[in-house]
Amino acid sequence: MLQKFQPRRLGVFSVLFDLGRFRALLRRGELGLVFAGALVGIASGCAVTAMSYISRKLHSVIYGITDYERLSSAAMAIPDKSVLFIAPIAGGIILGILLYILSRTRKKPMVDPIEANALHGGRMSLTDSIIVAVQNLISNGFGASVGLEAGYTQLAAGIASKFGYKMQMRRADLRMLVGCGAAGAIAAAFNAPLTGAFYAFELIIGSYSILTLTPVVVSALISTMIARLLAGDDFAIDIDHFGAIVPADYLPAILLGAFCAGIGILIMQGVAWVEELARKSSIAPPFRPALGGLVVGTLALISPQVLSAGHGALHLNLSTDVTLGALLGLFLLKSLASAISIGSGFRGGLFFASLFMGALLGKIFAYCAPYFDHATLTPVVYAVVGMSSLAVAIIGGPLTMTFLALEITGDFPITALVLAAVITSSLVVRTTFGYSFATWRFHLRGESIRSAHDVGWIRNLTVARMMRPDVHTGSIDMSIEEFRKNFPIGSAQRVILIDKNEKYSGMVLVPDVYASPIEKDDEEHGLSDFIRLRNEFLQPQMNAKQAAAMFEQTKSEALVVVNDLIERKVIGLLTESYTLRRYSEELDRRRREVSGEL
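All values derive from a computational prediction rather than experimental measurement.

Chemist: What is the right way to look at the environment of Ala 182 in this model?
Modeler: For Ala 182, the position within the fold is in helix H9 (residues 171–190). For the pair Ala 182 and Gly 196, spaced 14 residues apart in the sequence, the C-alpha separation amounts to 7.2 Å. Ignoring sequence-local partners within four residues, the contact set of Ala 182 consists of Thr 153, Tyr 199 and Ile 204.

Chemist: Explain H9 here, please?
Modeler: One full turn of an α-helix is made of 3.6 residues, so residues set three or four places apart face in the same direction. Between its terminal C-alpha atoms H9 stretches 29 Å, which fits the 28 Å expected from 20 residues at 1.5 Å a residue. In terms of burial, H9 is largely enclosed, as 17 of its 20 residues are buried. Backbone geometry just after H9 places Asn 191 at a positive phi near 55°.

Chemist: Would you take a moment to explain the nonpolar core for this structure?
Modeler: Soluble globular proteins tend to pack their nonpolar side chains together in the buried interior. Counting 99 residues, the largest nonpolar core has Tyr 63 and Phe 351 as its most contacted members. Of all the elements, helix H16 (residues 351–366) adds the most residues to this core, at 12 residues. If sequence neighbours within four positions are ignored, Tyr 63 has contacts with Leu 58, Leu 71, Ile 78, Val 83, Leu 84, Ala 87, Pro 88, Gly 141, Phe 142, Gly 143 and Leu 307. Among the nonpolar cores identified, the runner-up in size contains 24 residues, and Met 507, Leu 533, Ala 544 and Val 561 belong to it.

Chemist: What's the story with the packing of H16 against helix H17 (residues 379–394) in this structure? I'm lost.
Modeler: For any two helices packed against each other, the geometry comes down to the angle between their axes and how far apart the axes lie. Following both chains from N to C, one finds H16 and H17 inclined at 135°, their axes separated by 6 Å at the closest point. Relative to H17, H16 is oriented oblique. The hand of the H16/H17 crossing is right-handed. Mapping the contact onto sequence places Ser 354, Leu 355, Met 357, Gly 358, Ala 359, Leu 361, Gly 362, Lys 363, Phe 365 and Ala 366 in H16 and Pro 379, Tyr 382, Ala 383, Gly 386, Met 387, Leu 390, Ala 391 and Ile 394 in H17. Taken together, the residues of the contact of H16 with H17 sort by class into 13 nonpolar, four polar and one charged.

Chemist: Help me out: how do you make sense of the environment of Arg 175 in this one?
Modeler: Position of Arg 175 relative to the elements: it lies in helix H9. The sequence separation of Arg 175 and Ala 157 amounts to 18 residues, and the corresponding C-alpha distance is 9.7 Å.

Chemist: For this particular structure, what's the right way to read unusual backbone geometry?
Modeler: Negative phi characterises most residues that are not glycine, and trans characterises most peptide bonds. Phi is positive for Gln 168, close to 55°, though the residue is something other than glycine. Position of Gln 168 relative to the elements: it lies in the loop between helix H8 (149–166) and H9. Judged by relative accessible area, Gln 168 falls into the partly exposed class, the value being 49%. Phi is positive for Asn 191, which is not a glycine, with a value near 55°.

Calculation criteria
- Residues numbered from 1 in each chain as written.
- Predicted model: local features only at pLDDT ≥ 70, side-chain atom pairs only at ≥ 80, totals over all residues.
- Heavy atoms only, no water.
- Helix = DSSP H or I, 4+ residues; strand = E, 2+ residues; numbered from the N terminus.
- Contact = heavy atoms within 4.5 Å.
- Expected span 1.5 Å × (residues − 1).
- Buried < 20%, exposed > 50% of the residue type's maximum accessible area, 1.4 Å probe, protein only.
- Core = buried A, V, L, I, M, F, W, Y, C linked by side-chain atoms within 4.5 Å.
- Axes fitted to C-alpha atoms, helices over the stretch in contact; angles between N-to-C directions.
- Parallel < 35°, antiparallel > 145°, perpendicular 65-115°, else oblique.
- Left-handed = near helix turned anticlockwise from the far one by under 90°.
- Nonpolar A, V, L, I, M, F, W, Y, C, P; charged D, E, K, R; others polar.

Here you go:
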């Protein structure tokens, strides 16, 4: 009898094409996470390259420049200046139409990588991420004064999150994969793997651990190689020959860091002010980008260097001598164009805009150099220090911007100078303002998060999940004799009293009733002398931290859970001991995740 031929599958292919085995491989240990980080790095490099290519094609088609020219520097040579005015308005109209469609079809707010890792355990919508990337491409491609880095990180992190969710990764591993996506995006954008890795640690994951080090670095390295292989672009700053840094150079660098911190706070508040002004106006959201495009187009007629992110303008201003008045004017125009672009509804971030404006501030500060005795810094070095300092003030991540300075200059002594400046800038912003640009926008929306550190678990550990639904209830009108008959000693520790409308009226401890001597008048009077916590209760949406604070405030060992403040219908009971135990268990679990013990 002939047997049916069944080909034998090879080991590696059987794992790759068997979804169950592939999931097991990724979840098996650190090697699986490294492999997952490598896959995310490949996807990130491809995503960044594709977005960069589309953006340059849009610039080429709309403004008539070549694919190899940067808009912010090449636009000055465009003969027909009307396109500088018309293009941002056209982009605003297209974006407004897209916003109108989205307002009718998608009601949930879009989650970015920081918010996803802080509140949702790394869960992001890939569809939303693609929409954000498309909005960012429209904004940047038509000349709005925003960079592509927000779109890069959103798309790469969204791909990573979707992949991790499909592979059923654990919460900590999913957050790490989102960090890998963001690391790969920034690394590919700047040809700077160290910058990308520390961007993930400081801004996306919110912490550093040995367990996350290898996957994140592998993702950044592979993404950089993929992007360079596909695009071959390289972002670098030539600082010419520069001698050794002397101790006198640190004073102006530190002062420049503090100066950039103050300017960064003003820029963040300016963007928030424009957004608030737009919200309070009678202009409907779909019409705001076109109005913003009108302002940006007008500013572009004054100086085309305000268009797009500013890559070409940055190199142009670093390589040429510019007067103080021209630098001040360009800085004011760029900061206004960026604030108007974001505030009016264009999609994008201030990552590269902060680098460009910081470089301008550095060169402006260089005019004060003669007043510092024995200082030897050149205007280009001041520009690098200012670039990193302002980026730290607005974006955050001191080590991220320090490594960016190292990787784009290749000069370690200057990197040490940059480190002193960015630490100063970060310290000033944290002590006087307390937010980066992303977390400041969360604050304006009512969120309390200040970083990507995982606080979502405490919000998920709610009273509704911890409470016990089986509670003993009784009528508030019953007499003591009826109470003792219905609840014999030992049958229950607490009885929840409700009125005729099933509304919570208080709590009675059964031992208290039995411990008190009974008089005839007491039996007629009822349970009023034994009722506790008449208006102290929990609600199901409260988290463990809020519940623990309520226990501390009421000095009670247990509290009733009611459905809401109006109906006050009893739905459960929660004890202080169980709340603290669950809270402690979750804290210990997060500690072990951070330390790599899980």
